[in-house]
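# Overview (structure and organization)
The primary structure of each chain is shown beneath.
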Amino acid sequence: MLMISPRMATGAQEKQYPPSLLNFFVYNPKFGPKEGEEEKKILFYHPNEVEKNEKIRNVGLCEAIIQFTRTFCPTKPAKSLHTQKNRQFFCEPEENFWMVMVVRNPMIEKNNKDGKPVVEYQEEEILDSVYSSVLQQCYNMYKLFNGTFARTMEAGGVDLLKQRLEKFFYRYLQTLHLQSCDLLDIFSGISFFPLDKMTYLKIQSFVNRMEESLNLVKYTAFLYNDQLIWSGLEQDDMRILYKYLTTSLFPRHSEPELAGRDSPMRLEMAGNLLHYGRFLTGPSNLKDPEAKFRFPKIFVNTENTDEELHLIVYKAMSAAVCFMINTSVELTREFCEQLDSLVGPQLTLLASDICEQYSINRRISGPEKEPQFKFIYFNHMNLAEKSTIHMRKTASVSLTSIHPELMKILGDINSDFSRVDDDEEIIVKAMTDYWIVGKKSDQRELYVILNQKNANLIEVNEEVKKLCATQFNNIFFLD
Amino acid sequence: MSEEHYLELCGNPVQFENASSVNNVFFDEANKQVFAVRSGGATGVVVKGPDDKSTVAFRMDDKGEVKCIKFSFGNKILAVQRTSKSVEFINFIPDLLHLEYSQECKTKNASILGFCWTNWNEIVFITDQGIEFYQVLPDKRSLKLQKSQSINVNWYMYCPVTSVILLSTTVLGNVLQPFFFRSGTMSKISKFEIELPGVSKPAKLSLSERDIAMATIYGQLYVMYLKHHSRTVNNPGAEVVLYHLPREGTCKKMHVLKLNTTGKFALNVVDNLVVVHHQSSQTSMIFDIKLRDTDSTLSVHQPVVPARSIHPYKIPLTGPAAVTTATPVPCELYSSTWSVFQPDIIISASEGYLWYLQVKLQPVVNLMKDKGKLMDFLLQRRDCKMVIVSVCFQMLNGPDKSNLSVIATVFDKLNQVYKEYLEAEQSYTMAVETGQSRGNPAQKRPVRTQAVIDQSDMYTHVLSVFTEKKDVSHKFITAVLMEYIRSLNQFQITVQHYLYELVLKTLVHHNLFYMLHQFLQYHVLSDSKPLACLLLSLESTYPPAHQLSLDMLKRLSTANDEIVEVLLSKQQVLGARRFIRGVGGHDNISARKFLDAAKQTREEMLFYTIFRFFEQRNQRLRGSPHFTPGEHCEEHVAYFKQVFGEQALMKPTAS
């Protein structure tokens, strides 16, 4: 399929406003079914300053829309509502619990002929799939740290639930950067660290030994350079934990690291081994007599066993390990000291091993293996994600090296792909010499952006073949 | 209490008539023969060898008391010494005269201390004034002096395995002069001095032959010196000092074995272990010079395990001497009548028994707690395989289960030996291949010792049994399997696919699919067709296995047919066609298979496309779009006509 995208609007005197969050609320229609009790339905509302009646009105509207669309398809009520000024996204993560996010459409402020500013809403510029995924992620992140709504209801009723929602979303919503959400939010994938077999086996061996020595540990995850190497957690739990680690926890700790303040060489008494290990969660300094041995709690396997775990994140150089321990166990200073003295030296050693091996591999593979293409790859099977378009993620924004218009085309192609099961290929000619190729083979998706002067369809096709042959020669990818 | 006697006497001793006033008993270390000489030989000489068949009996005239009696190799010539001046010879070669002939020592006034056969017809006389090397000419019934050397000799010692004779010289007796004999030549090896604990004054002979023994340990000749210390605060006891005696170069003091006690000792060497018997405590201890505690050139060793007595022994009923005895009689161990010979022989002349000393490995296992050290020990032993295997199995099971780092150490030790063997085997194969073309002499094929525990041994005896166990956690099973695979990889040994299958089955059995997925993602489980097929079979329980399997088949690059089959079975007919065309195999594929699959999709246009594709192929290959009868596509042609009409068939183009 070949499509020609419209030229991008550019103008000198224009002021652009990116999409932003207008409202975010959670409600349960069963909590206030009678008239006059509507307020009881609302479990959380952002912004809180909104007048009560307006809250009730907005919730009521959503309820009505969902109810209305149910008549057409009882199993799949509306997911989003498009209006000129904003777009609303609905999600029912647990039975009768609804989450709604209202996003204001991006705007352009222009001066009309009279010189007066006129606002023009760009209702088609944002993608349903992206923001629906963002909404789903909000829930997943909440669930990771608080467990399911139902579980909280059992534990402490509506009051506790409201309290938790308030506490969590108050902070979390501030970290939502709606203007920089894109295709990667749809995938919500995991970047895996490329590694040779031997080093990988060493890591396996390390993980197994640590789990044996610290016999409290239920699950372990191992990351290097913010990329995953091993997960003892199931895929879906790892997906959201990975998101938390890479977009929140690691960036928060990377700044002091870069500044070189927080990583002095520590001389450990145990075996006199020099190591760089430190806790990213829990106590920042073990020697501190006032140190608290409290770790964040996370909830995993909520579908079946519903486990509540302490999350210990321990890092040495670029290697990070997450140890997850059942919350029925109380973590003591002794345990943390044991962990530090055991894991610290070994992890330091392993981290330098990985680093060395990685640079050897890079040297061997040479510069020709370095991608000269801009591409995004995603595999639904293992959630593996690779992007040469996105810069390193920071706590605040994820930076892309391409124009948002191109990003949007990628999203559009993805929406096309998600409509059918068959393998597909879409080639789009975008503005000024840009070509975008989307390929879908089985569970894999690949998006390539090419910028070649006067390239034709055949040449573009050849280029993509070349890319597949160098970057993806070890997987089954239909041409 | 578990069995702890790690030494035992062999069950089938050599029996001979016990020593008495009328029966003298001699032992020849070279041929391991016991001579029972009755009445100076007049009433018979019975020679018992290591096995029953080698018994020889004969008579000889009583010409005085026999001092020494020995056969040459192969029982060809008998030498008998009765006086200190001469040795008598009797031919045992058929067709040669059986009459005695005699040879006096050449050196005047010298007295013969003894003699040693170094070949079937070569003999060395050792006198108090030197050594004389003769060739015996049995047909002429005479001897010819080959070489001699003058030197004052206190006593001598012979190691038949290496053909080395050691002479004790000087007043103190502690300067030892070795000679080496080989096919008619006698060569002197540089002499060396044994360090004595203290010098007695006035100077007198201070080194007794009782305190010296020679034996080969790990293929090297060692002179073992039993050094008695007067017990002081600093000296906790006696020690055995091992001097390495190389064929060339100088003798070096290499190892010190700490006995930590004093008293009367005797030495044996069994399975490259030095066994030190201590008479007063009636125990023995074992030392392994390969188990190093320190890295210095001189290694000091402690006993491998605590000292224990030899396993209680009962004189067996069988054999001619024991017929009348009703019950087996317990044998007195460490008896003062015992004589100990190298390397592993214990003789009780008074009872008429010769035993070989044996080491039992299982009791050592019970006594040694450090599994890494135990493996080092076991890997050097001759019959170690089943013991090692059972240690591995116990290490993974039951209450004495080891932790993973110990398991890793053990696996690494096993694979180190395994790898060395594989490398030797490989270089041998290479040498044979290149040697044949260049005409080089053939290299010796490496011997596979029992210490080589390969993957199939581990799989059969340890891993497959262990993974079947119900009471072991799957986490531990997986960890152990991964540890073994890691170790194999570390030594660059190609992992056999059955190990991967074991991992896969274990993970699948416990529904650990995501774990499996990650292993495959990092190619920890190497690609193979069997593994790919196994994955395919998992698809119904774990859908991603389909993708994993296809990826694997793709990487194998020899499995294109399988890929087509998989795609067709998924009704991805176009995908299959694109794939096979991409790899250039579309001229050889079966049209029928594709058409079958296309028909099953019930998509008429798809069927049309595929049908047309093959018509075009036929045209290109054979000049006609028609299918040949061999392709069995009649049914599909009929279907095509039925759906699209006869006129839709491709017309042959005249070209």
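Rules behind the numbers
- Position labels on residues start from 1 in each chain and follow its written sequence.
- Lettering of chains starts at A and numbering of ligands starts at 1, both following the order in which they are written.
- For a predicted model such as this one, the threshold for reporting local features is a pLDDT of at least 70, and the threshold for listing and counting side-chain atom pairs is 80 or more; totals across whole chains, interfaces and linings nevertheless cover every residue.
- Neither water nor hydrogens contribute to the side-chain values; these are computed over all heavy atoms in the structure.
- Numbering of helices and strands runs from the N terminus; a helix is a DSSP stretch of H or I covering at least four residues, while a strand is a stretch of E covering at least two.
- It is over C-alpha atoms that the radius of gyration is taken, and the globule rule equals 2.2 Å times the number of residues to the power 0.38.
- For every residue, the accessible area obtained with a 1.4 Å probe (protein chains only) is divided by the maximum for its type, and the residue is called buried under 20%, exposed over 50%, and partly exposed between those limits.
- Contacts: residue pairs with any heavy atoms within 4.5 Å of one another.
- Accessible surface is estimated by sampling points in the Shrake-Rupley manner with a 1.4 Å probe; for residues, cover comes only from the protein chains shown.
- When charges are counted, Lys and Arg contribute as positive and Asp and Glu as negative, whereas His and the chain ends are disregarded.
- We put the charge of a Lys on NZ, of an Arg on CZ, of an Asp on CG and of a Glu on CD.
- Two strands pair if DSSP finds at least two bridges between them.
- Defined here as a combined quantity, buried area equals the accessible surface (1.4 Å probe) lost by two parts on assembly, summed across both.
- For salt bridges, the criterion is a side-chain nitrogen of Lys or Arg within 4 Å of an Asp or Glu carboxyl oxygen.
- Confidence of the predictor at the level of single residues is given by pLDDT, which spans 0 to 100.
- As used in this record, nonpolar core signifies buried Ala, Val, Leu, Ile, Met, Phe, Trp, Tyr and Cys residues forming a set joined through side-chain atoms within 4.5 Å.
- Working convention: axes come from line fits to C-alpha atoms, limited for helices to the stretch in contact. Angles between N-to-C directions cover 0 to 180 degrees.
- A pair of Phe, Tyr and Trp rings is counted when the ring centres sit within 6.5 Å of each other, with Trp represented by its six-membered ring. The angle between the planes then sorts it: under 30 degrees is stacked, over 60 is edge-to-face, the rest tilted.
- For a Lys NZ or an Arg CZ to count as sitting over a ring, it must be within 6 Å of the ring centre and within 35 degrees of the ring normal.

## Examining the overall build of chain B
Helix and strand counts for chain B come out as 15 helices and 32 strands. Since a compact globule built from 655 residues should have a radius of gyration of about 26 Å, the 38 Å found for chain B marks it as more spread out than a globular shape. Projected onto the principal axes, the alpha-carbon positions of chain B cover approximately 125 × 60 × 55 Å. Among the 655 residues that make up chain B, the fraction classed as buried is 51%. In chain B, once contacts between residues fewer than 6 apart in sequence are set aside, the share between residues at least 24 apart is 52%. Per element, the accessible surface of chain B, about 30,600 Å² overall, is 51% carbon and sulfur. The centroid of the 70 positive side-chain charges in chain B is displaced by 3 Å from the centroid of its 62 negative side-chain charges.

## Side note on the overall build of chain A
For chain A, the helix and strand inventory stands at 9 helices and 22 strands. Every one of the 479 residues in chain A was classed for burial, and the buried ones make up 50%. Element-wise, carbon and sulfur atoms account for 50% of the exposed surface of chain A, whose accessible area totals about 23,500 Å².

## Remarks on the side chain of asparagine 28 of chain A
Residues and elements named next belong to chain A. Relative to the helices and strands, asparagine 28 resides in the loop between β3 (20-27) and β4 (42-46). Given the relative accessible area of 3%, asparagine 28 is considered buried. Apart from residues lying up to four places away in sequence, asparagine 28 is in contact with Lys41, Leu43, Asn96 and Phe97.

## Section: the pairing of strand β11 (residues 112-117) of chain B
Residues and elements named next belong to chain B. The buried fraction of β11 amounts to 5 of the 6 residues, a majority that puts the element mostly inside the structure. Both β11 and strand β12 (residues 122-127) contribute to a ladder of 5 bridges, which runs antiparallel. Bridged to tryptophan 117 within β12 is isoleucine 123. Taking the residues between adjacent antiparallel strands as the criterion, β11 and β12 are bridged by 4 residues.

## Concerning the interface of chain A and chain B
The interface of chain A with chain B comprises 38 residues on the first partner and 38 residues on the second. In total, chain A and chain B occlude about 3,300 Å² of area from one another, counting both sides; carbon and sulfur atoms represent 56% of this. When residues of chain A are sorted by the area they lose upon contact with chain B, Lys197, Met381 and Phe476 of chain A head the list and together hold 21% of the total. A salt bridge links glutamate 211 of chain A to lysine 475 of chain B, with the nearest nitrogen and oxygen atoms 2.9 Å apart.

## Quick word on the confidence of the model for chain B
Residue-level pLDDT values for chain B average 85, and 94% of them are 70 or greater. For this predicted complex, the interface score ipTM comes out at 0.85, alongside a pTM of 0.84.

## Comments concerning the environment of lysine 413 of chain B
Secondary-structure assignment places lysine 413 of chain B in helix α4 (residues 404-438). Once the C-alpha coordinates of lysine 413 of chain B and serine 487 of chain B are considered, the two residues, 74 residues apart in sequence, prove to be 9.2 Å apart.

## Some details on the pairing of strand β8 (residues 107-111) of chain A
All names here are of chain A. Where strand β2 (residues 15-17) and β8 come together, 3 bridges link them in antiparallel fashion. Its bridge partner being in β8, lysine 15 is matched across the sheet by glutamate 109. In this sheet, strand β9 (residues 117-121) lies alongside β8 in antiparallel orientation, the contact comprising 5 bridges. When the bridges of β9 are listed, asparagine 111 appears paired with proline 117. The antiparallel hairpin formed by β8 and β9 contains 5 residues in its connecting segment, where glycine 115 sits at a positive phi of about 85°.

## Focus: the side chain of asparagine 121 of chain B
Residues and elements named next belong to chain B. By the element assignment, asparagine 121 lies in the loop between β11 and β12. The class of asparagine 121 is buried, set by a relative accessible area of 10%. Setting aside residues up to four positions removed in sequence, asparagine 121 forms contacts with Ile77, Tyr134, Gln135 and Val136.

## Here we look at the pattern of salt bridges
Applying the stated criterion to the full structure yields 47 salt bridges over all chains. Aspartate 128 of chain A is paired through a salt bridge with arginine 87 of chain A; the nearest N and O atoms lie 2.8 Å apart. One end of the pair, aspartate 128 of chain A, is in helix α2 (residues 128-146); the other, arginine 87 of chain A, is in strand β6 (residues 86-94), and 41 residues separate them in sequence. Between lysine 593 of chain B and glutamate 565 of chain B there is a salt bridge; the shortest N-O distance is 2.5 Å. Here lysine 593 of chain B, found in helix α13 (residues 591-600), pairs with glutamate 565 of chain B, found in helix α11 (residues 560-569); they are 28 residues apart in sequence, far enough to count as distant. Residue class for lysine 593 of chain B comes out partly exposed when judged on its relative accessible area of 41%. By relative accessible area, glutamate 565 of chain B is classed as partly exposed at 37%. One connected set of salt bridges, linked through shared partners, spans Arg209 of chain A together with Asp412, Glu483 and Arg486 of chain B.

## Structural notes on the nonpolar core
In summary, soluble globular proteins display a tendency toward joint burial of nonpolar side chains. Core analysis: the biggest nonpolar cluster contains 248 residues, and Phe169 and Phe222 of chain A have the highest contact counts within it. At 10 residues, α2 of chain A tops the list of elements feeding residues into this core. Ranked by size, the runner-up nonpolar core spans 22 residues in total, among them Leu172, Tyr225, Val241 and Tyr243 of chain B.

## Thoughts on the sheet that holds strand β5 (residues 45-48) of chain B
All names here are of chain B. Strand order in the open sheet made by the 4 strands is β3-β4-β5-β6, with antiparallel pairing throughout. The open sheet is flanked by β3 (23-28) and β6 (56-58), the only strands paired with a single partner. Each strand axis lies, on average, 15° off the axis of its neighbour in the sheet, ignoring direction. Both strand β4 (residues 33-38) and β5 contribute to a ladder of 4 bridges, which runs antiparallel. Residue pairing across strands places phenylalanine 35 opposite valine 47, the latter belonging to β5.

## Points about the sheet that holds β6 of chain A
Residues and elements named next belong to chain A. One open sheet holds the 5 strands; their spatial order is β4-β3-β7-β6-β5, and the pairing between them is antiparallel. Among the strands making up the open sheet, the edge pair consists of β4 and β5 (80-82). Direction aside, neighbouring strands of the sheet carry axes that sit 10° apart on average. One ladder, built from 4 bridges, connects β3 with β4; its direction is antiparallel.

## Thoughts on the packing of aromatic side chains
Applying the stated rule across the entire model yields 54 aromatic pairs over all chains. With 5.9 Å between their ring centres and 35° between their planes, phenylalanine 89 of chain A and tyrosine 131 of chain A make a pair best called tilted. Highlighted residues: phenylalanine 89 of chain A in strand β6 and tyrosine 131 of chain A in helix α2, separated in sequence by 42 residues. What makes phenylalanine 89 of chain A buried here is its relative accessible area of 0%. A relative accessible area of 4% means that tyrosine 131 of chain A is categorised as buried. Between phenylalanine 206 of chain A and phenylalanine 222 of chain A the ring centres are 5.9 Å apart and the planes differ by 85°, which places this aromatic pair in the edge-to-face class. Residue phenylalanine 206 of chain A is located in helix α5 (residues 197-213), and its partner phenylalanine 222 of chain A is located in strand β10 (residues 217-224); the two are separated by 16 residues in the primary sequence. Under the relative-accessibility criterion, phenylalanine 206 of chain A is labelled buried at 4%. Three or more aromatic residues link up through ring pairs in this structure, and these residues are Phe24, Phe31, Phe44, Phe97, Tyr139, Tyr142, Phe149, Phe168, Phe169 and Tyr172 of chain A. Looking at lysine 70 of chain B, its charged tip hangs above the ring of phenylalanine 115 of chain B, at a distance of 5.3 Å from the centre.

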